[in-house]
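Listed below, chain by chain, are the residues.
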Amino acid sequence: PAALSAALGILRAGLIAMLLALFARGFVLELRVISGPSMEPALVPGDRVLVDRMIYARGLPAPLARLLPVREPARGDVVLVRSPDDPRSHLVKRCVALAGDRIGPGVVPAGSIWLEGDHRADSRDSRAFGPVEQRTLSGRVVCVLASKATGGPWRWSRTLRAVR
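Keep in mind the model is a prediction, meaning the values are calculated, not measured.

### Remarks on the packing of aromatic side chains
Counted under the stated rule, the structure contains one aromatic pair. Over the ring of W154 we find K148; its NZ or CZ atom is 5.9 Å from the centre of that ring.

### Digging into the pattern of salt bridges
Where side chains of opposite charge bring their charged atoms close, a pairing between them can arise. Tallied over the full model, the rule gives twelve salt bridges. E30 is the partner of R32 in a salt bridge, and the nearest nitrogen-oxygen pair spans 2.5 Å. A relative accessible area of 2% means that E30 is categorised as buried. In this structure, the salt-bridge partner of R71 is D77, at a minimum N-O distance of 2.9 Å. Residue D77 is classed as buried on the basis of its relative accessible area of 6%.

### Thoughts on unusual backbone geometry
P41 follows E40 through a cis peptide bond whose omega is 10 degrees. Among the secondary structure elements, P41 is positioned in the loop between β1 (29-33) and β2 (47-52).

### Some thoughts on the pairing of strand β3 (residues 78-82)
For a regular strand, the rule is simple: side chains alternate between the two faces of the sheet. In terms of burial, β3 is largely enclosed, as four of its five residues are buried. In the sheet, β3 pairs with strand β4 (residues 90-98) via five bridges, with the strands oriented antiparallel. Looking at β4, one finds that V79 is bridged to K93. As defined by bridge partners, β3 adjoins strand β9 (residues 137-147) across three bridges and the pair is classed as antiparallel. Note that in β9 the partner of V81 across the bridge is L137.

### Examining a nonpolar patch on the surface
A surface patch of nonpolar side chains, about 380 Å² in accessible area, is lined by L4, L8, L11 and L15. Mapped onto the fold, L15 is located in helix α1 (residues 2-28).

### Examining the environment of A99
Along the chain, A99 turns up in the loop between β4 and β5 (102-103). A relative accessible area of 37% means that A99 is categorised as partly exposed. Setting aside residues up to four positions removed in sequence, A99 forms contacts with V108, P109, A110, G111 and S112.

### Some points on the environment of R135
One can find R135 in the loop between β8 (132-133) and β9. Take R135: its relative accessible area is 54%, and that puts it in the exposed class. Counting along the chain gives 23 residues from R135 to S112, while the straight-line C-alpha distance between them is 8.3 Å. Residues contacting R135, with those up to four places away along its chain left out, are R58 and R82. There is a polar contact of 2.5 Å between the side chain of R135 and the side chain of E133.

Reading the values: the criteria
Residues numbered from 1 in each chain as written. Predicted model: local features only at pLDDT ≥ 70, side-chain atom pairs only at ≥ 80, totals over all residues. Heavy atoms only, no water. Phe/Tyr/Trp six-rings, centres within 6.5 Å; stacked < 30°, edge-to-face > 60°. Lys NZ or Arg CZ within 6 Å of the ring centre and 35° of its normal. Salt bridge = Lys/Arg side-chain N within 4 Å of Asp/Glu carboxyl O. Buried < 20%, exposed > 50% of the residue type's maximum accessible area, 1.4 Å probe, protein only. Helix = DSSP H or I, 4+ residues; strand = E, 2+ residues; numbered from the N terminus. Pairing = 2+ DSSP bridges. Patch = residues over 30% accessible without salt bridge, like charges linked within 9 Å, V, L, I, M, F, W, Y side chains within 5 Å. Areas by Shrake-Rupley, 256 points an atom, 1.4 Å probe, with all protein chains shown as cover. Contact = heavy atoms within 4.5 Å. Polar contact = N/O pair within 3.5 Å; in protein donor to acceptor, adjacent residues only side chain to side chain.

Here it is as structure tokens:
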């Protein structure tokens, strides 16, 4: 009885912790690994980045939206977005223009943003697929948690580096 009660308490605490972790992973924070060079030098292949999934949340009740750090995308944000080519995959790009901004001969339409990779010569971005709808944003890349080159050593100098 006492041992059973203690075991049930541990099990209950473990389940609660697991549910909170799943909630955080799905709605608040996400860990992603950068796989390509399109965002160099800001992000390099092997960077493990933390994505804030709440920042661009839409449709929240006004009282809740005032309490949370929710905002619209801004020029310069490095974002995680569903790929226009394959909605099951994601891209990391920089927001360079907002709705109403002029890009070349055109204007970014309402509800959309223009995304480009920092490594312009090696990036498939809005120059290829056009503006993307804001509703396809999954979050904002906040920092590099750790970095490791494929088959190489950990790059400690990149650890806990803010993404700008």
